[in-house]
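Working through the structure, step by step
Okay, here's what each chain looks like letter by letter:
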Amino acid sequence: LVDTSYKRIKEVDDKVHAFLTLDEENARSKAKELDSLEDTIAKLFGIPAGIKDNIVTKGLRTTCASQFLRNFNDPLYDATVVEKLNAEKSITIGKLNMDEFAMGSSNENSSFTPTRNPWNTDYVPGGSSGGSAAAVAAGEVLFSLGSDTGGSIRQPAAFCGVVGLKPTYGLVSRFGLVAFASSLDQIGPLTRTVEDNARVLEVIAGHDKMDATSANIDIPTYTESLTGDVKGLKIAVPKEYLAEGVNPEVKEAVLEALRVYESLGATWEEVSLPHSKYAVAAYYLISSSEASANLARFDGVRYGVRSEKAENMIDMFKKSRSEGFGEEVKRRIMLGTFALSSGYYDAYYKKAQKVRTLIKNDFDKIFETYDVVIGPTTPTPAFKVGEKIDDPLTMYANDILTIPVNLAGVPGISIPCGFSPDGLPIGLQIIGKHFDEATVYRAAHAFE
Ligand code: GLN
């Protein structure tokens, strides 16, 4: 499997650019070691994996696709999720491309080179986990890990025609994930099938004393819920998720999926998430505020590249940050610093937090009656490289259907549900109750 993985990477990755760093020597020697074992019992024995480059890997370069960390070659520890994968004998093939510090929806904010959509390389793979989605879609690895703060697993999964899950906030440890917005970030798996996804989540989920927000709950055997049976499942379809702005092809694919669910014995009804129209605004205030604090650690002293041109200490902080961060990261730091500054805090940050509560209440109310919420993952299929990069607001609006899920902290999956006339994949989003990944997987598997 490891041979096949590197062979495929050599065939296609100069066109897809999913990988930033390969770990070939290590991976091959691990594979040899596994070959020599008699006991082959492990949940991911010998399975090749790609890891998003904002998840730290001991001794393996971790850049967050930023020039700031281009020489962060030797992280001292593995993220908890990586330790868990290693314990189940999965093999890390390399580190995957992304938007710088996970800020973006197209991978065009990678400071190295943008990843391309394997279905058509004129199109973006989505972001920020674009490398993670493209590597699975192009057959370079059997699964990957991504991170999702506002849609960064589900949106690229939709654009690349793979399965991507954002778990409930707190289900998967964030220890070793380079923080973007700590109250929203979650690590999750990207795979070809729902079953593979459930298998990987089973390995990476669970309480971790190294993450204070990690939930202490029993992890079910998710694969047991893949019964194919959705008789009596109650589906809510928010009218805001099929409203104006959602492309007709996407809407038709989702309605067709709902017809499939009906034929399997599920029922659906239209509901409303009245506050979802404020989600994008609230998200960009909250996530940028948290980012401005989290990214303060990049000062040229403790991590990454230090400017050569600095004349004194303050100048070193300034020049290292000016040279190290890209445009979009600077935009977010400035927005977040402004939103948190005294005099503006109540008007922006505090108000955004109140809106966040209203959005969570909208979901809670729906889940009193329904088992899952279904809608599209994105308003449109993948867009062309270059199409939105000069217009941050249009780019931000692309996450309108994924962001409410992060603000509410509930789990959401994207699974393929058809193609546009241009041959680009369309994603169906299934959202569940807090810690009810089992029902999300059951619904996703029955459709697949
Ligand atoms: N595209 C969104 C942003 O730019 C979401 C990113 C993410 O989920 N990491 O913030």
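Up top is the structure these notes are about.
The residue numbers shown here count from 1 along each chain, following its written sequence. Selection of residues for local features in this predicted model requires a pLDDT of at least 70, selection of side-chain atom pairs for listing and counting requires 80 or more, and totals for whole chains, interfaces and linings are taken over all residues. The side-chain values count all of the structure's non-hydrogen atoms but skip hydrogen atoms and water molecules.

1. Details of the site of the ligand
- In the vicinity of the ligand, 15 residues are found, and the nearest of them are G150, S152, Y283, R332 and D399.
- Under the rule applied, a polar contact is a pair of N or O atoms within 3.5 Å (in protein, one hydrogen donor and one hydrogen acceptor; residues adjacent in sequence only if both atoms are side-chain atoms). Here S152 contributes a side-chain N or O atom positioned 2.7 Å from an oxygen atom of the ligand.
- The side chain of D399 places a nitrogen or oxygen atom 2.6 Å from a nitrogen atom of the ligand.
- Relative to its unbound accessible area of 290 Å², the ligand is 100% covered by the protein chains.
- The nonpolar class holds Ala, Val, Leu, Ile, Met, Phe, Trp, Tyr, Cys and Pro. Asp, Glu, Lys and Arg form the charged class, and all remaining residues, Gly among them, are polar. The class makeup of the residues in the shell around the ligand is 5 nonpolar, 7 polar and 3 charged. Distances are taken per atom, and a residue is near a molecule or strand as soon as one of its heavy atoms is within 4 Å of it. Accessibility throughout is a Shrake-Rupley quantity obtained with a 1.4 Å probe, and a residue counts as covered only by protein chains that appear here.

2. Things to note about the nonpolar core
- We call a set of buried residues a nonpolar core when its members are Ala, Val, Leu, Ile, Met, Phe, Trp, Tyr or Cys and they connect through side-chain atoms within 4.5 Å of each other. In this scheme, a residue with accessible area under 20% of its type's maximum is buried, one over 50% is exposed, and one in between is partly exposed, where area comes from a 1.4 Å probe on protein chains only. Ranked by internal contacts, the top residues of the largest apolar core, which has 100 residues, are F101, L145, Y261, L428 and I430.
- Going along the chain from the N terminus, every DSSP run of H or I of four or more residues is numbered as a helix, and every run of E of two or more is numbered as a strand. By residue number, the principal contributor to this core is helix α8 (residues 279-294), which donates 8 residues.
- Residues V12, A31, I91 and A138 belong to the second largest nonpolar core, which totals 25 residues.

3. Points about the packing of α8 against helix α10 (residues 327-340)
- Following both chains from N to C, one finds α8 and α10 inclined at 100°, their axes separated by 7 Å at the closest point. Classified by the angle their axes make, α8 and α10 are roughly perpendicular. Within the contact between the two elements, α8 uses Y284, L285, S288, S289 and S292 and α10 uses R332, I333, L335, G336, T337, A339 and L340. The angle between two axes is taken between their N-to-C directions and runs from 0 to 180 degrees, where each axis is a line fitted to C-alpha atoms and a helix contributes only its stretch in contact. An angle counts as roughly parallel when it lies under 35 degrees, as roughly antiparallel when it exceeds 145, as roughly perpendicular when it falls between 65 and 115, and as oblique in every other case. It only takes one pair of heavy atoms within 4.5 Å for two residues to be counted as in contact.

4. Points about the pairing of strand β9 (residues 372-376)
- For β9, the buried fraction is high: 5 of the 5 residues fall into the buried class.
- At least two DSSP bridges between two strands are required for those strands to pair. Where strand β7 (residues 234-238) meets β9, 2 bridges bridge the pair, whose relative direction is parallel. The residue of β9 that forms the bridge with I235 is V372.
- Where β9 lies against strand β11 (residues 425-431), 4 bridges are found, and the strand directions are antiparallel. Residue pairing in the sheet places P376 in a bridge with L428 of β11.

5. Considerations on a nonpolar patch on the surface
- Taken together, the side chains of F338, Y344 and Y348 present a nonpolar region at the surface, about 280 Å² in accessible area.
- Among the residues examined, Y348 registers a relative accessible area of 34% and is labelled partly exposed. Distance thresholds for patches are 9 Å for like charges and 5 Å for nonpolar side chains (Val, Leu, Ile, Met, Phe, Trp, Tyr), applied to residues having over 30% relative accessible area and no salt bridge. Criterion for a salt bridge: a side-chain nitrogen of Lys or Arg within 4 Å of a carboxyl oxygen of Asp or Glu.

6. Examining the sheet that holds strand β8 (residues 267-271)
- Strand order in the open sheet formed by 11 strands is β1-β3-β2-β4-β6-β5-β10-β11-β9-β7-β8, and the pairing between neighbours is mixed. The open sheet has two edge strands, β1 (19-22) and β8, and neither has a second partner. Mean inter-strand twist for the sheet, computed between neighbouring axes without regard to direction, equals 30°.
- As judged from the 3 bridges shared by β1 and strand β3 (residues 91-96), these two strands associate in the antiparallel manner.

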